[in-house]
Amino acid sequence: SAVISQKPSRDICQRGTSLTIQCQVDSQVTMMFWYRQQPGQSLTLIATANQGSEATYESGFVIDKFPISRPNLTFSTLTVSNMSPEDSSIYLCSVSGAHSTDTQYFGPGTRLTVL
Amino acid sequence: QKEVEQNSGPLSVPEGAIASLNCTYSDRGSQSFFWYRQYSGKSPELIMSIYSNGDKEDGRFTAQLNKASQYVSLLIRDSQPSDSATYLCAVITSYDKVIFGPGTSLSVIP
């Protein structure tokens, strides 16, 4: 499976600011995903990021709040904009193969605290 | 009805016992099923995937799938304290969405 890294691993931010999270993979992957995991909760998909096209957002998530870039097959960024304490979560990127049934592998996550 | 449900925890088993984790799903057309393990403060890691009815074994882990009854389970034999974690069931639905269950917390008592 691919080796996935995320930066930063954790951050503490002030309300109203924005944070960009980077996800780097050591091999080319077709599909990349961004998830949010709130304290004590399961994973919620924010969006699917495919290279060369706009990200596809899930219900309840919008591009203005969570802009995503996917400039190539090994890298993606998620920005959490105009943060509030409700955005405090772990943000995870994951990757999979070309098919929707392919297994997803997760990065180590970014722990975000918004004060 | 939630799309993917798991037995509520926390589940406690003594060391050496069999831990049984259950997951049910609502989309009858789902075809792909995964079990992930997540240690506290860590990201999920894949344990097993299963696509066909029946059992699939990998070491101490056995996944069981019954599409007619819409459930998938994970058995952990000879449970070890290192198995203490949250176990997440994930289902790929007929409309190509991955849905994660709420997770079951497992505690293996030495």
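Residues take numbers from 1 onward in each chain, read along the sequence in its written order. All chains are assigned letters beginning at A, and all ligands numbers beginning at 1, according to the order in which they are written. Local features in this predicted model are restricted to residues whose pLDDT is 70 or higher, and side-chain atom pairs enter the listing and the counts only when it is 80 or higher, whereas totals over whole chains, interfaces and linings include all residues. Note that the side-chain values use all heavy atoms of the structure and ignore hydrogens as well as water.

*Asks:* Even after reading the chapter, I still don't get the overall build of chain A, so can you show me in this structure?
*Replies:* Segments assigned H or I by DSSP are reported as helices when at least four residues long, segments assigned E as strands when at least two residues long, and all are numbered from the N terminus. On a plain count of helices and strands, chain A comes out with 0 helices and 11 strands. Computation of the radius of gyration draws on C-alpha atoms alone. For the globule rule, the value is 2.2 Å times the number of residues to the power 0.38. A compact globule built from 115 residues would reach a C-alpha radius of gyration of about 13 Å, and chain A, at 13 Å, matches this within 12%. Evaluated residue by residue, chain A yields a buried proportion of 50% over its 115 residues. Any two residues whose heavy atoms approach within 4.5 Å at even a single point are treated as in contact. Restricting to contacts in chain A with at least 6 residues of sequence separation, those with at least 24 account for 53%. Here chain A has roughly 5500 Å² of accessible surface; of this, 49% comes from carbon and sulfur atoms. With 7 positive and 8 negative side-chain charges, chain A shows a spacing of 9 Å between the two charge centroids. For the exposure calls, accessible area comes from a 1.4 Å probe over protein chains only, and a residue counts as buried if that area is under 20% of its type's maximum, exposed if over 50%, partly exposed in between. Under the convention used here, a 1.4 Å probe and the Shrake-Rupley method define accessible areas, while residue burial counts only the protein chains that appear. Positive charge is attributed to Lys and Arg, negative charge to Asp and Glu, and no charge count is given to His or to the chain ends. By convention, the point assigned to a charge is CZ for Arg, NZ for Lys, CD for Glu and CG for Asp.

*Asks:* Would you take a moment to explain the side chain of Ser96 of chain A for this structure?
*Replies:* Note on placement: Ser96 of chain A falls in strand 9 (residues 89-96). Not counting the four nearest positions on each side in its chain, Ser96 of chain A is found in contact with Val29, Thr30, Met31, Phe33, Asp102, Thr103 and Gln104 of chain A.

*Asks:* Is there a simple way to think about the layout of surface pockets in this case?
*Replies:* Over the atoms, a rolling probe the size of a water molecule traces out where space has been left empty. A cavity, in this analysis, means grid points on a 1 Å lattice covering only the protein atoms where a 1.4 Å probe fits yet has no way out; a pocket is instead an open set bounded by protein on both sides within 12 Å along at least five of seven lines, and a residue lines either one if it has an atom within 4 Å of a point. Grid points are joined across faces, edges and corners, and a volume is the space filled by probe spheres set on the points. Looking at the largest pocket, its volume works out to about 460 Å³. Taken together, 19 residues line the largest pocket, and the ones lying closest to its centre are Leu43, Thr44 and Leu45 of chain A together with Ile99 and Phe100 of chain B. When contributions to the lining of the largest pocket are tallied by element, the ones reaching two or more residues are strand 5 (44-50) of chain A together with strand 10 (98-100) of chain B. With 3 residues, the top contributor of residues to the lining of the largest pocket is strand 10 of chain B. Residues are grouped as follows: Ala, Val, Leu, Ile, Met, Phe, Trp, Tyr, Cys and Pro are nonpolar; Asp, Glu, Lys and Arg are charged; every other residue, Gly included, is polar. Tallied by class, the residues present in the lining of the largest pocket amount to 9 nonpolar, 6 polar and 4 charged. Of the volumes computed, that of the second largest pocket is approximately 380 Å³. Lining the second largest pocket we find 20 residues, and of these Gln37, Gln38, Pro39, Gly40 and Ile90 of chain A sit closest to its centre. Those elements that place two or more of their residues in the lining of the second largest pocket are strand 9 and strand 11 (110-114) of chain A together with strand 9 (85-92) of chain B. Looking at which element gives the most residues to the lining of the second largest pocket, the answer is strand 11 of chain A, with 3 residues.

*Asks:* Is there a simple way to explain the packing of aromatic side chains in this structure?
*Replies:* The relative placement of two aromatic rings is captured by the distance of their centres and the angle of their planes. For this analysis, a ring pair means two rings from Phe, Tyr or Trp (six-membered ring only for Trp) whose centres lie within 6.5 Å, classed as stacked if their planes differ by under 30 degrees, edge-to-face if by over 60, and tilted for the remaining angles. The final tally for this structure, using the stated rule, is 8 aromatic pairs over all chains. Geometrically, the ring pair formed by Phe106 of chain A and Phe100 of chain B is edge-to-face, given 5.9 Å between the ring centres and 70° between the ring planes. Of the two residues, Phe106 of chain A sits in strand 10 (residues 105-106) while Phe100 of chain B sits in strand 10, which places them in two different chains. An aromatic cluster is present here, built from Tyr35 and Phe106 of chain A together with Tyr36 and Phe100 of chain B joined pairwise through their rings. The ring of Phe61 of chain B has Arg60 of chain B lying over it, and the distance from NZ or CZ to the ring centre is 5.5 Å. Note on criteria: charge over ring means Lys NZ or Arg CZ within 6 Å of the ring centre, with the direction from the centre no more than 35 degrees off the ring normal.

*Asks:* I'm lost on the sheet that holds strand 8 (residues 71-76) of chain B in this one. Help?
*Replies:* Pairing between the strands of a sheet comes from backbone hydrogen bonds, and it takes one of two forms, parallel or antiparallel. Residues and elements named next belong to chain B. The pairing criterion is simple: DSSP has to find at least two bridges between the two strands. Read across the sheet, 5 strands follow the order 1-3-8-7-6 without closing on themselves; strand pairing throughout is antiparallel. Both outer strands of the open sheet, strand 1 (4-6) and strand 6 (54-58), are each paired with one neighbouring strand and no more. Neighbour-to-neighbour, the strand axes of the sheet open up by a mean angle of 15°, direction not taken into account. Bridging between strand 7 (residues 61-66) and strand 8 involves 6 bridges; their strand directions are antiparallel. Bridge pairing links Thr62 to Leu75 in strand 8. Lines fitted to C-alpha atoms define the axes here, with helix axes fitted over just the stretch in contact, and angles between the N-to-C directions of these axes take values from 0 to 180 degrees.

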